[in-house]
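# Architecture at a glance
Residue-level listing of the chains:
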Amino acid sequence: MRAVGMILAGGNSYRMRELSNKRAIAAMPIAGSFRSIDFALSSMSNSRIQKVAVLTQYNSRSLNEHLSSSKWWDFGRKQGGLFVFPPTVTADNSFWYRGTADALYQNLDFLKNCHEPYVVIASGDGVYKLDFNKVLEYHIAKKADITVVCKQLPPGEDVSRFGVLRMNENCRIEQFEEKPMASDANTISCGIYVVRRRQLIELIEKSAEEGRFDFVRDILIRYKGVRKIFGYKIDSYWSNIASVESYFRTNMDFLKREVRDYFFREYPEVHSKVDDLPPAKYNPGSEVKNSLVSAGSIINGAVENSILFSNVFVGENCVIKNSIVLSDVYLGDNVHLENCIVESRDTIRANTYYNGDDGIKIVIESDERYVL
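## Description of the overall build of the protein
A tally of helices and strands in the protein yields 9 helices and 28 strands. For 372 residues, the compact-globule estimate of 2.2 N^0.38 gives 21 Å, and the protein sits close to it at 21 Å. If one aligns the C-alpha atoms of the protein with their principal axes, the spans along those axes are about 65 × 45 × 40 Å. Put simply, the protein has 372 residues, and 55% of those count as buried. In the protein, 59% of the contacts between residues at least 6 apart in sequence involve partners at least 24 apart. Taken as a whole, the protein presents about 17000 Å² of accessible surface, with 46% of it coming from carbon and sulfur.

The following block contains the structure:
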């Protein structure tokens, strides 16, 4: 492959509320047995990108444990490999990553020692499948300085969480707004970029000299009239999980057959770290409808339109509807959950009732705060 991969996985978001108290957004569980970062890693591996660096920072313990072996994504090669780079205190630098551009700057030696001519930069909070070879071919054909992968959202969709862009008839980006309060445009950046390695080094060094630390504001927006920045539109499934509402909706999308088939049955596959657990057990009297139940779970009650991650125990006469239950949760008898997200390593006392009538309720009942 002619590119090296850089995954930005160090950020935090207040929109995730209590869910980001335990783990980085890139480590958020998805679809029963995956983590958010698995989708970016799998896309890079399937695109034959052999060398990938993950830049971690906030609440990174869980994410670092997930990335402890590169074999799950087939990066365990003599050539290339998977590298995890948290902020490092050095003789001339004691800062945490102050932004996406600064994260790249603090790991510039890695890029300088690479031999691949291009760099693919991706965020760790997207759920998608993408062939980066097609993006790279497009980038070369357009003779672009930077290519931004983008997607058109349905009319009326909230775009305030994203970078919003406008392109001319040749797909060159003419306007770029980062997280606007309101916009009549609905084409957004997916947080995935392709740029020539030597040019990226030059841009990052210049930004650092000027005390600029954000890749979007200080490079994409600042240079949009100077450099040739093009957009590459995708029409396949893509979702960003960096808010409670989008995280809940993305997981619920996997209850749709077409979404499950796209990710789980169609080539190429999505890879993840695998735990050796027994299959889910459904005891007499249990009832499960349109749900994903992961390995190690034991079901005694009713589960409908929900996603249960690994090692979940559902007590007798429980009712779980339209909810997400993360790993290692014990639900006592006669528990009722509806429109909820239950945090991992939790114990929900018997005879309790939770209903997110006015939104999505995050349930944290036990005193355990161990990272999963």
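## Some thoughts on the confidence of the model for the protein
Averaged over all residues, the pLDDT of the protein equals 89, while 97% of them reach at least 70. Scored below 50 in pLDDT, residues 367-372 makes 16 contacts in the model with residues more than four places away or belonging to other chains.

## A few points about helix 1 (residues 37-46)
When you tally the buried positions in helix 1, you get 9 out of 10 residues, the bulk of the element. Along helix 1, the residues that are buried comprise I37, D38, F39, A40, L41, S42, S43, M44 and S45. Once helix 1 ends, the next one or two residues include R48, with phi positive near 65°.

## Considering helix 6 (residues 197-209)
The end-to-end C-alpha separation of helix 6 is 18 Å, in line with the 18 Å expected for 13 residues at 1.5 Å each. Three or more residues of helix 6 are buried, namely R197, Q199, L200, I201, L203, I204 and S207. For helix 6, the secondary structure elements touched by its buried residues are helix 3 (100-106), helix 4 (108-113), strand 6 (118-123), strand 8 (146-152), strand 11 (187-196) and helix 7 (215-221). Looking one or two places after helix 6, you find G211, whose phi comes out positive at around 70°.

## Points about the nonpolar core
Within the largest apolar cluster, 42 residues are counted, with the highest numbers of intra-cluster contacts made by I7, I37, L41 and M44. Taken together, the elements giving at least two residues each to this core come down to strand 1 (3-9), helix 1, strand 4 (51-56), strand 6, helix 5 (132-142), strand 11 and strand 12 (229-233). Here I7 is in contact with I37, A40, L41, M44, V52, A53, V54, L55, A122, S123 and G124, once residues within four sequence places are set aside. Counting residues in each nonpolar core, the second largest holds 34 residues, with A101, C150, V195 and L200 among its members.

Definitions and limits used
Residues numbered from 1 in each chain as written. Predicted model: local features only at pLDDT ≥ 70, side-chain atom pairs only at ≥ 80, totals over all residues. Heavy atoms only, no water. Helix = DSSP H or I, 4+ residues; strand = E, 2+ residues; numbered from the N terminus. Rg over C-alpha atoms; globule rule 2.2 N^0.38 Å. Buried < 20%, exposed > 50% of the residue type's maximum accessible area, 1.4 Å probe, protein only. Contact = heavy atoms within 4.5 Å. Areas by Shrake-Rupley, 256 points an atom, 1.4 Å probe, with all protein chains shown as cover. pLDDT = per-residue confidence, 0-100. Expected span 1.5 Å × (residues − 1). Core = buried A, V, L, I, M, F, W, Y, C linked by side-chain atoms within 4.5 Å.

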